[in-house]
Amino acid sequence: MPELHHTPLAPLTTFRLGGPADRLITATTDAELIAAVRAADDSGTPLLLIGGGSNLVIGDKGFAGTAVRIATTGFALDGDRLELAAGEVWTDAVARVAAAGLAGIECLAGIPGSAGATPIQNVGAYGQEVSATVTEVVAYDRRARETVVLDNAACAFSYRHSRFKADPERYVVLRVRFALEDADGLSAPVRYAETARVLGVEVGDRVPLDRARDTVLKLRAGKGMVLDPEDHDTWSAGSFFTNPILTEPEFAAFRERAAVRLGPDAVPPAYPAGEGRTKTSAAWLIDRAGFTKGYGTGAARISGKHTLALTNRGAATTEDLLTLAREVVNGVRDAFGVTLVNEPVMVGVEL
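Conventions we followed
Residues numbered from 1 in each chain as written. Predicted model: local features only at pLDDT ≥ 70, side-chain atom pairs only at ≥ 80, totals over all residues. Heavy atoms only, no water. Helix = DSSP H or I, 4+ residues; strand = E, 2+ residues; numbered from the N terminus. Buried < 20%, exposed > 50% of the residue type's maximum accessible area, 1.4 Å probe, protein only. Contact = heavy atoms within 4.5 Å. Areas by Shrake-Rupley, 256 points an atom, 1.4 Å probe, with all protein chains shown as cover. Lys, Arg positive; Asp, Glu negative; His and termini not counted. Charge placed at Lys NZ, Arg CZ, Asp CG, Glu CD. Phe/Tyr/Trp six-rings, centres within 6.5 Å; stacked < 30°, edge-to-face > 60°. Lys NZ or Arg CZ within 6 Å of the ring centre and 35° of its normal. 1 Å grid on protein atoms, 1.4 Å probe; cavity = no way out; pocket = protein on both sides within 12 Å on 5 of 7 lines; lining within 4 Å. Points joined across faces, edges and corners; volume = space filled by probe spheres on them. Nonpolar A, V, L, I, M, F, W, Y, C, P; charged D, E, K, R; others polar. Pairing = 2+ DSSP bridges. Axes fitted to C-alpha atoms, helices over the stretch in contact; angles between N-to-C directions. Core = buried A, V, L, I, M, F, W, Y, C linked by side-chain atoms within 4.5 Å. Expected span 1.5 Å × (residues − 1). Arc of directions from axis to C-beta.

*Asks:* With reference to specific residues and values, describe the overall build of the protein.
*Replies:* Looking only at helices and strands, one finds nine helices and 20 strands in the protein. The dimensions of the protein, computed from C-alpha atoms along their principal axes, are 60 × 50 × 40 Å. Going through the 351 residues of the protein one by one, you find that 50% of them count as buried. Residue pairs in contact within the protein that sit at least 24 positions apart in sequence constitute 61% of those at least 6 positions apart. With the model as given, the accessible surface of the protein reaches about 15,400 Å², and the carbon-plus-sulfur share is 50%. Positive and negative charge centroids in the protein, built from 36 and 44 side chains respectively, lie 3 Å apart.

This is how it looks when you write it as structure tokens:
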């Protein structure tokens, strides 16, 4: 396996931020990946796994241990069943699935990162989540020191969460298996109101697969959520904060705070999120707290296209980014009594 020492990790992340790793290994097969993980575990060396780097915030001091870049490949389509190696580029896989005429992940087009990260985060956008199509995850269990297969229920999926995220030191995702749908070239039912509006259809309707995928890509690009090396407004981790899920008393208190701050006609977004819980919009909170698009004067700023994206304008440090993130978190809490939670994984730093 290729091995480098004291190598900056910033080029491996979509933020282009992060100091060096003591040791960087690139694994191109499942066997190499397992061997690298076992070696680190046997020696007690701290381990950092890097896929597409789209969900990582790495500290300026870097990582004192072994970083393993997951570069495994494998795209196997059998009827409506798909298996992806963890290192497959997710956006490319979505494009190939749509071209094959299969529905179920077309609205997840344009999400940066690798296939192996999708079940960890239970990636979702525009009305779809991978948990709806994932059937099994093949993973290396570091505790049992063996390869295991977890079915959908065992993955314990919830909003932007999973068993893998809850226990990050235990599982290394190797392969992800999906059950897709052959709907004669049509998409899955459109579930997201904005997507339906742009498509000119009703929620629940189906449209041609390519049309659904292209529409989502355009929507994402308009919000700076499609990576472009030449556009610093896309040097981000996508949505930096998750949408808050509040209990009934918490949402009632939030609504009262919103009415005091914005006037009695202010109507905060509210979406059912299970018994006694309501999901609201992090973007709405950020914007109404005074952090509008393009906010900031330093090297780290809020995207000029979407308030949920914090960006590196090209010369930022991780500390610059965290300073901005803390300002937003504190401002939203002061304004509305709601505490935002970061979506990216923090490595050697915290908010």
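*Asks:* With reference to specific residues and values, describe the packing of aromatic side chains.
*Replies:* All chains considered together, the criterion is met by 10 aromatic pairs. Measuring from centroid to centroid gives 5.9 Å for Trp90 and Phe178, while their planes differ by 40°, and the two rings are tilted. Of the two residues, Trp90 is situated in helix α2 (residues 90-99) and Phe178 in strand β13 (residues 171-179); the sequence distance between them amounts to 88 residues. Taken individually, Trp90 and Phe178 each receive the classification buried, so the pair is uniform in this respect. Each residue in the set Phe251, Phe254, Trp284 and Phe336 is aromatic and connected to the rest through ring pairs, giving one cluster. A cation over a ring is seen here: Arg16 above Trp235, with NZ or CZ 4.4 Å from the ring centre. For Arg96, the ring lying beneath its charged end belongs to Phe75, and the centroid distance is 3.8 Å.

*Asks:* Now, about the layout of surface pockets: what can you tell me, with residues and values included?
*Replies:* Estimated volume of the second largest pocket: approximately 210 Å³. Every residue lining the second largest pocket is counted, 16 residues in all, and those nearest its centre are Gly52, Val89, Pro112, Gly113 and Ser114. Broken down by class, the residue content of the lining of the second largest pocket amounts to six nonpolar, nine polar and one charged.

*Asks:* Could you give me a rundown of the sheet that holds strand β16 (residues 271-272), with the residues and numbers involved?
*Replies:* Strand order across the open sheet formed by three strands is β15-β17-β16, with antiparallel pairing between neighbours. This sheet does not close on itself; its edge strands, each paired only once, are β15 (245-247) and β16. As defined by bridge partners, β16 adjoins strand β17 (residues 277-279) across two bridges and the pair is classed as antiparallel. Along β17, the bridge assignment pairs Pro272 with Thr278. Strand contacts of helix α7 (residues 248-262): β15 and β17, with the helix running at about 100° to β15, the strand carrying the most contacts.

*Asks:* Now, about the sheet that holds strand β5 (residues 63-70): what can you tell me, with residues and values included?
*Replies:* Pairing is mixed across the open sheet formed by four strands, whose spatial order is β1-β2-β5-β3. The open sheet has two edge strands, β1 (3-8) and β3 (47-50), and neither has a second partner. Each strand of the sheet is rotated relative to its neighbour by a mean of 30°, with strand direction disregarded. Sheet analysis places β3 next to β5, joined by four bridges and oriented parallel. Note on β5: the bridge partner recorded for Leu47 is Thr66. The strands that helix α1 (residues 30-43) touches are β2 (20-27), β3 and β5; relative to β3, the one it contacts most, it runs at about 160°.

*Asks:* Can you tell me about the nonpolar core, naming the residues and giving the values?
*Replies:* Formed by 34 residues in total, the largest nonpolar core has its most connected members in Phe240, Phe241, Phe254, Ile286, Val328, Phe336 and Leu340. When contributions to this core are tallied by element, the ones reaching two or more residues are α7, α8 (282-288), β18 (300-302) and α9 (318-336). No other element matches α9, which puts nine residues into this core. Once you skip the residues sitting within four places of it in the chain, Val328 turns out to touch Phe241, Ile286, Phe291, Ile302 and Leu340. Formed by 32 residues, the second largest nonpolar core is a distinct cluster that contains Leu84, Val97, Val137 and Leu180.

*Asks:* Can you tell me about unusual backbone geometry, naming the residues and giving the values?
*Replies:* Phi at Ala156 takes a positive value of approximately 50°, unusual for a residue other than glycine. Mapped onto the elements, Ala156 comes out in the loop between β12 (146-151) and α4 (163-166). Under the relative-accessibility criterion, Ala156 is labelled partly exposed at 42%.

*Asks:* Which residues make up helix α6 (residues 209-222), and what values go with them?
*Replies:* Here α6 contains 14 residues, and its C-alpha end-to-end distance of 20 Å stays within 8% of the 20 Å for a straight helix at 1.5 Å per residue. Listed in full, the buried residues belonging to α6 are Leu209, Ala212, Thr215, Val216, Leu219 and Arg220. Projection of α6 onto a plane perpendicular to its axis shows the buried side chains occupying an angular sector of 140°, all on one side. Directly after α6, the chain includes Gly224, whose backbone phi takes a positive value near 70°.

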